Amino acid sequence: MKDCIFCKILRKEIPSEFIYEDEHCFAINDINPKAKKHILVIPKEHIESLNEIKDFEIVKKLFEAISKINIKENISHFKTLINTGAKAGQEVMHLHIHVLSD
Ligand code: 5GP
Ligand code: ZN
């Protein structure tokens, strides 16, 4: 998607360090962290939100990625959050899972 921040990061049009990447997803540190560690796990495909998912296999891939990231980043306790829809606080309209750990 042309004007989507996360698609631009994926295309390297906006610089951001990838802390994880596989065939289906990637992860970056949140630019405005709300915890000591605040990671965003993002599907490579532009899916606006949970409401637009057609094939829920991607949800499995995202949580598999979280599991691998947590081992790599030494995260044992954490919260996940998925804001869905602007009224729920979703600012970036490209599905992402927040992983927060103190
Ligand atoms: P949402 O409110 O959509 O669930 O969360 C979007 C998150 O993306 C916010 O926590 C915000 O700080 C983060 N964010 C927005 N723009 C950028 C960016 O350009 N780079 C990074 N790393 N994070 C961003
Ligand atoms: Zn996108």
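Every chain's residues receive numbers from 1 upward, in the order its sequence appears when written. Chains and ligands are labelled sequentially in the order written, the chains with letters from A and the ligands with numbers from 1. Whole-chain, interface and lining totals are the exception, using all residues; otherwise, since this is a predicted model, local features are given only for residues with pLDDT of at least 70 and side-chain atom pairs are given and counted only at 80 or more. Neither water nor hydrogens contribute to the side-chain values; these are computed over all heavy atoms in the structure.

Caption draft 1: Highlighting the site of ligand 1. As a matter of local geometry, ligand 1 sits amid 17 residues, with D30, G89, E91, H96 and H98 nearest to it. Within 3.5 Å is the distance limit for a polar contact, defined as a pair of N or O atoms, with the added protein rule that one can donate a hydrogen and the other accept it, and that residues adjacent in sequence qualify only through two side-chain atoms. With respect to ligand 1, the side chain of N83 contributes an N or O atom lying 2.9 Å from an oxygen atom. V92 has a polar backbone atom sitting 2.9 Å from an oxygen atom of ligand 1. Every element with two or more residues in the shell around ligand 1 is listed here: helix 1 (5-10) and strand 2 (25-29). Elements are defined by DSSP. Helices are runs of H or I of four residues or more, strands are runs of E of two residues or more, and each kind is numbered from the N terminus. By residue number, the principal contributor to the shell around ligand 1 is helix 1, which donates three residues. Residues are sorted three ways: Asp, Glu, Lys and Arg are charged, Ala, Val, Leu, Ile, Met, Phe, Trp, Tyr, Cys and Pro are nonpolar, and all the rest, Gly among them, are polar. Along the lines of polarity and charge, the residues of the shell around ligand 1 split into seven nonpolar, seven polar and three charged. To be near a molecule or strand, a residue needs just one of its heavy atoms within 4 Å of it.

Caption draft 2: Quick look at the coordination of the zinc ion (ligand 2). Around the zinc ion (ligand 2), the protein contributes the donor atoms C4 (SG), C7 (SG), H46 (ND1) and H94 (ND1), which lie 2.0 to 2.3 Å from the metal centre. The donor definition counts N, O and S atoms within 2.8 Å of each metal and applies 3.2 Å to Na, K and Ca; water is not among these atoms, so some sites may look incomplete. Only four donors with every angle between 85 and 135 degrees are called tetrahedral; only four or six donors with opposite donors over 155 degrees apart and all others between 65 and 115 are called square planar or octahedral, in that order; all others are irregular. In this structure, the zinc ion (ligand 2) is surrounded by four donor atoms whose angles at the metal cover 104 to 117°, and the resulting shape is tetrahedral. Look at where the donors of the zinc ion (ligand 2) fall in the sequence and you get C-x2-C-x38-H-x47-H. On the criterion of sequence distance, the pair formed by C7 in helix 1 and H94 in the loop between strand 4 (79-81) and strand 5 (97-101) is long-range, its members being 87 residues apart. An identical accessibility class is assigned to C7 and H94; each is buried. Residue burial is assigned from relative accessible area. The probe radius is 1.4 Å, only protein chains are included, and a residue is buried under 20% of its type maximum, exposed over 50%, and partly exposed in between.

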